[in-house]
Amino acid sequence: MTNETKIDQKVLCRHCGDPCDDESIHIADHIFCCYGCRAVSELLDGTNLSTYYQETSEQNKSISDLKSERKFGFLADEKVQEQVLKYHDDELSVVKFDLPGIHCSSCIFLLEHLPKLEGAIIRSEVNFIRKEITITFHHKEKSLKDIAILLAQLGYPPEINLNSSDQTKRRLSKNQIGTKIAVAGFCFGNAMLMSMPEYLDTNFLLTARFKELFGWISLGMALPIVFYSGRDYFVSAWKSLMFGNIHIDVPVALGIATLFGRSVFEILTQTGGGYVDSLAGLVFFLLIGKWYQSKTYQALSFERDYKSYFPVSVICLNEGKEGNVLLKDLKAGDVVIIHNDELIPADGEIVDGNAIIDYSFVTGESAPVEKSLGDRVFGGGRQKGSQLTVRLDQSVNNSELTQLWNQEEKEGDGKNFKSLIDQISKYFTAAVILIAIGTGIYWQVTDPSIIWNSVTAVLIVACPCALALTLPFAHGHAMRILGENGLYLKNAGVIETLSKVKSIIFDKTGTLTSNESEQVTFVGEALNEGEQVQIASILTNSAHPLSRLALEAIQATEKKPVSEYEEVLGKGMRGNIDGVEIKAGSAEWIGVETVEVMNESRVYIQIDAQFRGYFACQSAYRKGAMDMLNNVRSQFSMHLLSGDNDSERKHLEPYFKHLSFNQKPMDKRAYLENIYEPSLMIGDGLNDAGALQVADVGIAVSEDIHRFSPACDSIISSKSLSKIPSIMNFSKGVRTIIILAMIISLLYNVVGLSFAMAGQLTPLVSAILMPISSISVVGFVTLMVAWRGRLLR
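Keep in mind that what you see is a predicted model, and the values were worked out from it rather than measured.

Focus: the overall build of the chain
Okay, step 1: Counting its secondary structure elements, the chain contains 29 helices and 29 strands.
Okay, step 2: When each of the 793 residues of the chain is scored for burial, the buried share is 52%.
Okay, step 3: A fraction of 65% describes how many contacts in the chain between residues 6 or more apart in sequence connect residues 24 or more apart.
Okay, step 4: For the chain, the accessible surface area stands at approximately 36,300 Å², while carbon and sulfur atoms represent 54% of it.

This is how it looks when you write it as structure tokens:
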């Protein structure tokens, strides 16, 4: 007979790998958590299947860990990784997963703090509405499979289906919750039927035998409710507790467990009929609320997809001819031309030129990556150098391009409200549990008959979801409305920052004045056809508005490759073509005397160190610009920063408190750094890039919105510049709406908890009120923001 002893230390079971308690069983050299594991182990040993343990004991993995490893094992395949990863280099990888389990602010809090749980993870960002997470990680420290397993351990197993569309994923998820609702509804109806005789038996005519029978039937109904329909709440709660995080599913799971445990006790001891009908109704209405919330979020979704309102395009090469093509119309096989400082719209292969790519918008790392002919490049990289030609491997994902723009958030970008909500969410659930314990103690002393209903009602009715949804829905709808009015924001936090602005700083050239020129003429020594081709070849590498105007004036039919290309913002560019050095840009860049003419901009040209002349571009103030300045000057501290001379000082002085002329790009940046109150910089996206980044909010003015520039917080159509006063007032209105919605959400929780603690709220009613609170707050925010947005039109 085998010698058995008990041990006291914490160990892992030989069979299942789970932690053993103080009563674990020690047999020979093996330890088991229970007699069941011991029996299975002896069976495996007796049938020569003990190699099972050689596979599992190496890392002491539990059965659940092994299941996760097998489930996500395919992610170790390199071909699969190519399809799943959004970016991959020698050090970093970026992946986006669908996480259907995300459903409250506590989920977001936990998932966005993954870098604290795992050192290999650099960044983690959650898209709550789409239930997605984007993770940047060091793949040499943790593999893609390891990341997926970590998410599964946290209770958020990623959905990965390489051949399915988003619609298919949503349909599968919808079918799962539909089945759970159906099971809960069936059990709820029958549990009510079983409880009805007891409710109606006021004369106590029902025999003890029938009461016992109905009790057992009700208990049978409770099993699928708890272990199938309500299972997700327990799994989510357990996973969150395992990793030291308490989210909203914890009190919900406690409420379900409380009703189930009390029902089992009363039915087994025949001391009562239990609360199976309330339990079934609770789970049924929780699932109904979950489904309805999901439908509401989809209906009110504000996911920014540029194809819906942002006419971004790139230059596409078709049969040797260049033309603008909208991003949404690009497809695999298209050949696109990328200029200096422009984004690569999708993954592809270099077919012409050499690349120096900044992938900081994808990975957060700014070290440039050099690529040459035939190399593969990833969408979202920004070219830093001469013109690049890329053949796309896939169509453009507009939603992902948007998120790349969102990556570079400034310090404090809309963080005040978010930080407040994060703090509330972090301690909300713990506070609710303490209140429930206090409620239980009070009613145990005062009236034990209602203790279970009151405690369960407290656990269910309190919900931070309405509070968590206030910010994304208010800002999301505001972004949509602003987009319809020609202002396209980098992220939702810009709206909050915009509402606090005290100073507005304007650039003049290209901002207050138009880049569209009625006449572009070349002044200087005549250019022969070969020189025109060389100048066109250098100008085509730049996306600066003046470079584009000069390029159109040349109308060269041929372009040649450029070597040693360099572009300096605010000055100009240089390059070598057929052994000839070409320089184009400002007078300072060329080294000639500056001659300023009102409402005229110039592009100076130098060929092989010889000054040849300049392109003169006539410009005028934009329509409505002066009226716009007049409307905002009384509300804000007004500043003007211009690279031109002060020939127009007298004309502009009535509108600005501070005027500075002859400002270089670095001068503008330094000026912004010395403004110590919330500031808004409005300028062009190239020469003013440094100032736009330093300002609390930077808005780049674009003539046709055909250039995607992540250097700023927002892009405004030049036609919408006159709406700046209304936009500023709108942002303040949205801030007020958010504050009101937060107050409503907090009042709901205070009032609901008060009634629940007083024993005047049943778990069933609490389950109905919980989703209604979220939906009502979302509805309030949506209607109010839409009403406020009408003033912009």
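So, next bit.
What about the environment of E370?
Okay, step 1: Along the chain, the position of E370 falls in strand β13 (residues 369-371).
Okay, step 2: E370 sits in the exposed class, given a relative accessible area of 66%.
Okay, step 3: As for E370 and A355, which are separated by 15 residues in sequence, their C-alpha atoms are 5.6 Å apart.
Okay, step 4: With residues up to four places along the chain from it excluded, the contact list for E370 reads A355 and I356.

Points about the pairing of strand β21 (residues 572-577)
Okay, step 1: Summarising burial for β21: 5 of the 6 residues are buried, a large majority.
Okay, step 2: Here β21 runs beside strand β22 (residues 580-585); their pairing, made up of 6 bridges, is antiparallel. Bridge assignment links R574 to a residue of β22, and that residue is K583.
Okay, step 3: Turn length for the β21-β22 hairpin, with the two strands adjacent in sequence and antiparallel, is 2 residues, and the turn residue D578 shows positive phi of about 55 degrees.

Here we look at the pairing of strand β28 (residues 697-702)
Okay, step 1: For β28, a buried count of 6 out of 6 residues is recorded, marking the element as mostly surrounded by other parts of the structure.
Okay, step 2: By the bridge criterion, 4 bridges tie strand β27 (residues 679-683) to β28 in an arrangement that is parallel. Residue pairing in the sheet places M681 in a bridge with G698 of β28.

Concerning the packing of aromatic side chains
Okay, step 1: Taken as a whole, this structure holds 7 aromatic pairs when the rule is applied.
Okay, step 2: Ring geometry for F227 against F260: centres 5.8 Å apart, planes inclined by 90 degrees, an arrangement best described as edge-to-face. Taken together, the positions of F227 in helix α9 (residues 208-229) and F260 in helix α11 (residues 249-269) put the pair 33 residues apart, joining distant regions of the chain.
Okay, step 3: The exposure class of F227 is exposed, given its relative accessible area of 54%.

Section: the environment of I149
Okay, step 1: Tracing the sequence through the fold places I149 in helix α7 (residues 144-153).
Okay, step 2: Residues I149 and F72, spaced 77 residues apart in sequence, show a C-alpha to C-alpha distance of 7.1 Å.

Remarks on the side chain of K668
Okay, step 1: Within the fold, K668 resides in helix α26 (residues 665-673).
Okay, step 2: Within polar-contact distance, the side chain of K668 engages the side chain of D507 at 2.9 Å.
Okay, step 3: For K668, the residues in contact, after removing those within four places along its chain, are D507, L641, S642, G643, Q663, D688 and A691.

A look at the confidence of the model for the chain
Close reading of the predicted structure is inappropriate where its pLDDT is low.
Okay, step 1: With 74% of its residues at a pLDDT of 70 or more, the chain has an overall mean of 75.
Okay, step 2: Every residue in residues 55-60 scores below 50 in pLDDT, and together they form 4 contacts with partners more than four places removed in sequence or on other chains.
Okay, step 3: Considering only residues more than four positions removed or in separate chains, one finds that residues 411-415, a stretch of pLDDT under 50, has 13 contacts.

Some remarks on the sheet that holds strand β29 (residues 714-717)
Okay, step 1: Read from one edge of the open sheet, 7 strands run β17-β29-β28-β27-β18-β25-β26, paired in mixed fashion. Only two strands of the sheet have a single neighbouring strand rather than two, namely β17 (487-489) and β26 (658-660). With direction set aside, neighbouring strand axes in the sheet form an average angle of 20 degrees.
Okay, step 2: Relative to β27, strand β18 (residues 503-507) is paired through 4 bridges, and the arrangement is parallel. Residue pairing for β27: F506 is matched across the bridge by I682.

Some words on a nonpolar patch on the surface
Okay, step 1: Residues L434, I437, I441 and V445 make up a contiguous nonpolar surface patch of about 440 Å² in total accessible area.
Okay, step 2: Mapped onto the fold, V445 is located in helix α16 (residues 415-446).

Observations concerning the pattern of salt bridges
Okay, step 1: Scanning the entire structure with this criterion turns up 17 salt bridges.
Okay, step 2: The shortest N-O distance in the salt bridge between D347 and R376 comes to 3.3 Å. Of the two residues, D347 sits in the loop between β10 (335-338) and β11 (348-352) while R376 sits in strand β14 (residues 376-377), which places them 29 residues apart along the sequence.
Okay, step 3: Three or more residues are tied together by salt bridges with common partners; here these are D347, R376 and D393.

Overview of the side chain of Q606
Okay, step 1: Mapped onto the elements of the fold, Q606 is located in strand β23 (residues 600-607).
Okay, step 2: Q606 gets classed as buried once you look at its relative accessible area, which sits at 10%.
Okay, step 3: Engagement of the side chain of Q606 in a polar contact is seen with the backbone oxygen of I590, the distance being 3.2 Å.
Okay, step 4: Once residues within four sequence positions are removed from consideration, Q606 is found in contact with E581, I582, K583, I590 and F611.

Describing the nonpolar core
Okay, step 1: Within the largest apolar cluster, 51 residues are counted, with the highest numbers of intra-cluster contacts made by F506, L629, F656, L680 and I682.
Okay, step 2: Residue contributions to this core peak at 9 residues, all from helix α28 (residues 724-757).
Okay, step 3: Listed in part, the 29 residues of the second largest apolar core include F72, V84, V126 and I133.

Notes on helix α24 (residues 625-632)
Residues that lie three or four places apart on an α-helix share one face, since the helix turns once every 3.6 residues.
Okay, step 1: Those residues of α24 not exposed but buried are A625, M626, M628, L629 and V632. All buried residues of α24 project into a common sector of 160 degrees when viewed along the axis, lining one side.
Okay, step 2: Looking at the buried residues of α24, the elements they touch are β18, α20 (508-512), β25 (637-641), α25 (649-652) and α28.

Considering the environment of T134
Okay, step 1: Here T134 is to be found in strand β7 (residues 132-138).
Okay, step 2: As for T134 and K96, which are separated by 38 residues in sequence, their C-alpha atoms are 4.3 Å apart.

Quick look at the sheet that holds β13
Okay, step 1: Pairing in this open sheet of 3 strands is antiparallel, and the strands run β13-β12-β15 from one edge to the other. Edge strands, defined here as strands with exactly one partner in the open sheet, are β13 and β15 (382-383).
Okay, step 2: As paired elements, strand β12 (residues 355-358) and β13 share 3 bridges and run antiparallel to each other. Bridged to I357 within β13 is V369.

A word on unusual backbone geometry
Okay, step 1: Not every positive phi belongs to a glycine, and D578 is a case in point at roughly 55 degrees.
Okay, step 2: Look at D578 and you get exposed, because its relative accessible area is 54%.
Okay, step 3: Positioned with a positive phi, D608 is a non-glycine residue whose angle comes to about 50 degrees.
Okay, step 4: Mapped onto the secondary structure, D608 falls in the loop between β23 and β24 (610-618).
Okay, step 5: Residue classification places D608 among the partly exposed residues on the basis of a relative accessible area of 43%.

Things to note about the packing of helix α17 (residues 451-461) against α28
Okay, step 1: Running from amino to carboxyl end, α17 crosses α28 at an angle of 170 degrees, the nearest separation of the two axes being 8 Å. The orientation of α17 with respect to α28, classified from their angle, is roughly antiparallel. Across from S454, A457, V458 and V461 in α17, the residues of α28 making contact are Y748, N749, G752, L753, A756 and M757.
Okay, step 2: Residue classes in the contact of α17 with α28 are distributed as 7 nonpolar, 3 polar and no charged.

Quick word on α7
Okay, step 1: Most of α7 is tucked away, with 7 of its 10 residues classed as buried.
Okay, step 2: Looking one or two residues beyond α7, the residue adopting positive phi is G155, at roughly 100 degrees.

Rules used in this analysis
Residues numbered from 1 in each chain as written. Predicted model: local features only at pLDDT ≥ 70, side-chain atom pairs only at ≥ 80, totals over all residues. Heavy atoms only, no water. Helix = DSSP H or I, 4+ residues; strand = E, 2+ residues; numbered from the N terminus. Buried < 20%, exposed > 50% of the residue type's maximum accessible area, 1.4 Å probe, protein only. Contact = heavy atoms within 4.5 Å. Areas by Shrake-Rupley, 256 points an atom, 1.4 Å probe, with all protein chains shown as cover. Pairing = 2+ DSSP bridges. Phe/Tyr/Trp six-rings, centres within 6.5 Å; stacked < 30°, edge-to-face > 60°. Polar contact = N/O pair within 3.5 Å; in protein donor to acceptor, adjacent residues only side chain to side chain. pLDDT = per-residue confidence, 0-100. Axes fitted to C-alpha atoms, helices over the stretch in contact; angles between N-to-C directions. Patch = residues over 30% accessible without salt bridge, like charges linked within 9 Å, V, L, I, M, F, W, Y side chains within 5 Å. Salt bridge = Lys/Arg side-chain N within 4 Å of Asp/Glu carboxyl O. Core = buried A, V, L, I, M, F, W, Y, C linked by side-chain atoms within 4.5 Å. Arc of directions from axis to C-beta. Parallel < 35°, antiparallel > 145°, perpendicular 65-115°, else oblique. Nonpolar A, V, L, I, M, F, W, Y, C, P; charged D, E, K, R; others polar.

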